[in-house]
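The lines below spell out each chain.
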Amino acid sequence: MLAATSQRQERYMHIAGVQTVLPVHRYEQAEITEAFSRLTDCDEELLRRFHEATGVRGRNLALPLADYAKLDSFARANDAFVEVALDLGEQAMIGALEKAGVAPEKVDHLLFCSTTGLATPSLDAGLAQRAGLRPDVKRVPVFGLGCAAGAAGLARLHDYLRGWPDHVAMLVCVELCSLTIQRDDTSIANLVASGLFGDGAAAVVATGRGRGPEVVATRSKLYPGTGHLMGWEVSDHGFRIVLDADLTDFVQQVLAGDIRAFLADYGLTPEQVATWVCHPGGPKVIEKIVATLGLPPRALEVTWRSLRDHGNLSSVSVLHVLQETRGKSGAPAVLMALGPGFSAELLLLHW
């Protein structure tokens, strides 16, 4: 149960509509492995072992596979990012608004998150115009939260709507991870990333009053001295992946305790949580979450399916899992994602 009656008197955010959009270029993992090995001169058999270990069977990519050979500079890759991101983001926004039954001109606040490309004006300016939002919409573009941005974005919408419960707020995440490909990087981190990450966009419409799952509480956790675990290094050819081998061990050490502490503040234990909406960071991370929290084997079934069918979509993934999840009515749920910093974003929902 949610502990105190006074907690139920708080202003909550309602998730009125969620829409994920994937690029039309769909490939099986073996096709991507073969193409990447040609681009990088990596040993195909070695690459295949890394790619198979991710558990990903197929992914949707921003471009046709043959076009990745043309991305010979960061400028070309970023131009492709802007073009595709605007198209996918627009589709996601329109879909989420339709699901929520909200007209575009009713949106008061737009939060945009991405960590795989750059633009000024930020892409939310173009997206707001494409989707028909008002010229006075409040825009906040965010870069650098990585995989945590989907959950963090929901939490920031919650903050906004507690102050403006009669408003409508919108989150848009676009990640085109494949466009960050580094041909000269044969590190284990890059080989794993080339088999793990996919492309997509997602949008969420949220209201202070209305229907849909309620966001009851949020918590952000930043772990000092762990910036080396995950992120980007900016090179002459763009974003080079940082993915430390110690990441999964660190997750095992700290995450379960922080989740239990968060839930305890609301009179709950992990055993009382009916639904888990988790970002599919990778098979080892998912396994650590299940093991350290003692969750039933099927608790993260939607997370596993999202990883298998689409790969890790960075900030988009947790929103895709949210879209595909059917929570138990009247029961608590936890939505969570991990990202650079190293950081964790936790949300307590009431379905």
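No experiment lies behind these values; they were computed from the predicted model shown. (Residues numbered from 1 in each chain as written. Predicted model: local features only at pLDDT ≥ 70, side-chain atom pairs only at ≥ 80, totals over all residues. Heavy atoms only, no water.)

Novice: Go over the side chain of aspartate 108 with me, naming the residues and quoting the values.
Specialist: Mapping aspartate 108 onto the fold places it in the loop between α4 (74-100) and β4 (109-114). Given the relative accessible area of 11%, aspartate 108 is considered buried. Non-local contacts of aspartate 108, meaning those with residues more than four positions away in its chain, are made with Arg134, Val137, Lys138, Tyr160, His167 and Val168. (Helix = DSSP H or I, 4+ residues; strand = E, 2+ residues; numbered from the N terminus. Buried < 20%, exposed > 50% of the residue type's maximum accessible area, 1.4 Å probe, protein only. Contact = heavy atoms within 4.5 Å.)

Novice: Describe the environment of leucine 196, with residues and values.
Specialist: Within the fold, leucine 196 resides in helix α7 (residues 188-196). Residue leucine 196 is classed as buried on the basis of its relative accessible area, which comes to 5%. A C-alpha to C-alpha distance of 8.9 Å links leucine 196 and histidine 310, two positions 114 residues apart in sequence.

Novice: Explain the packing of aromatic side chains to me, and be specific about the residues and the numbers.
Specialist: In total, this model carries six aromatic pairs according to the counting rule given. Pairing phenylalanine 74 with phenylalanine 239 gives two aromatic rings, centres 5.5 Å apart and planes at 75 degrees, and the pair type is edge-to-face. With phenylalanine 74 in helix α4 and phenylalanine 239 in strand β10 (residues 238-243), the pair connects residues that are 165 residues apart, well separated along the chain. Centre to centre, the rings of tyrosine 223 and phenylalanine 342 are 6.1 Å apart; their planes meet at 25 degrees, and the pair counts as stacked. Taken together, the residues tyrosine 223 in the loop between β8 (214-222) and β9 (230-235) and phenylalanine 342 in the loop between β12 (332-339) and β13 (343-350) connect sequence positions 119 residues apart. A residue is classified by how much of its surface remains accessible, and phenylalanine 342, at 2% relative accessible area, is buried. These aromatic residues form a ring-pair network of at least three members: Phe74, Phe143 and Phe239. (Phe/Tyr/Trp six-rings, centres within 6.5 Å; stacked < 30°, edge-to-face > 60°.)

Novice: Can you break down helix α11 (residues 315-324) residue by residue, with the values?
Specialist: Along α11, nine of the 10 residues are buried, which leaves the element largely enclosed by surrounding structure. Looking only at α11, the buried set comprises Ser315, Val316, Ser317, Val318, Leu319, His320, Val321, Leu322 and Gln323.

Novice: With reference to specific residues and values, describe the packing of helix α2 (residues 29-40) against α7.
Specialist: At a minimum axis separation of 10 Å, α2 and α7 run at an interaxial angle of 140 degrees. One way to sum up the angle between α2 and α7 is to call them oblique. Relative to α7, the crossing made by α2 is right-handed. On α7, the residues that touch Gln29, Ile32 and Phe36 of α2 are Asn190, Leu191, Ser194 and Gly195. A per-class count over the contact of α2 with α7 returns three nonpolar, four polar and no charged. (Axes fitted to C-alpha atoms, helices over the stretch in contact; angles between N-to-C directions. Parallel < 35°, antiparallel > 145°, perpendicular 65-115°, else oblique. Left-handed = near helix turned anticlockwise from the far one by under 90°. Nonpolar A, V, L, I, M, F, W, Y, C, P; charged D, E, K, R; others polar.)

Novice: Just give me the short version of the pattern of salt bridges, but keep the residues and values in it.
Specialist: In the structure shown here, the tally under the stated rule is 15 salt bridges. Taking the shortest distance from any N to any O, the salt bridge between arginine 134 and aspartate 108 comes out at 3.0 Å. One end of the pair, arginine 134, is in the loop between α5 (123-131) and β5 (138-143); the other, aspartate 108, is in the loop between α4 and β4, with 26 residues separating them in the sequence. Overall, arginine 134 belongs to the partly exposed group, its relative accessible area being 24%. (Salt bridge = Lys/Arg side-chain N within 4 Å of Asp/Glu carboxyl O.)

Novice: If you had to explain the sheet that holds β4 to someone new, which residues and values would you point to?
Specialist: Pairing between the strands of a sheet is mediated by backbone hydrogen bonds and can be parallel or antiparallel. Read from one edge of the open sheet, nine strands run β5-β4-β6-β7-β1-β8-β13-β12-β11, paired in mixed fashion. The sheet is open, and its two edges are formed by β5 and β11 (275-278), each paired on a single side. Averaged over all adjacent pairs, the angle separating strand axes in this sheet is 20 degrees, with direction ignored. One ladder, built from six bridges, connects β4 with β5; its direction is parallel. The residue bridging leucine 111 from the neighbouring strand is valine 140, located in β5. Contacts between helix α6 (residues 149-163) and the sheet are confined to β1 (13-21), β4, β5, β6 (168-176), β7 (199-207), β8, β12 and β13, with β6 contributing the most and set at about 165 degrees to the helix. (Pairing = 2+ DSSP bridges.)

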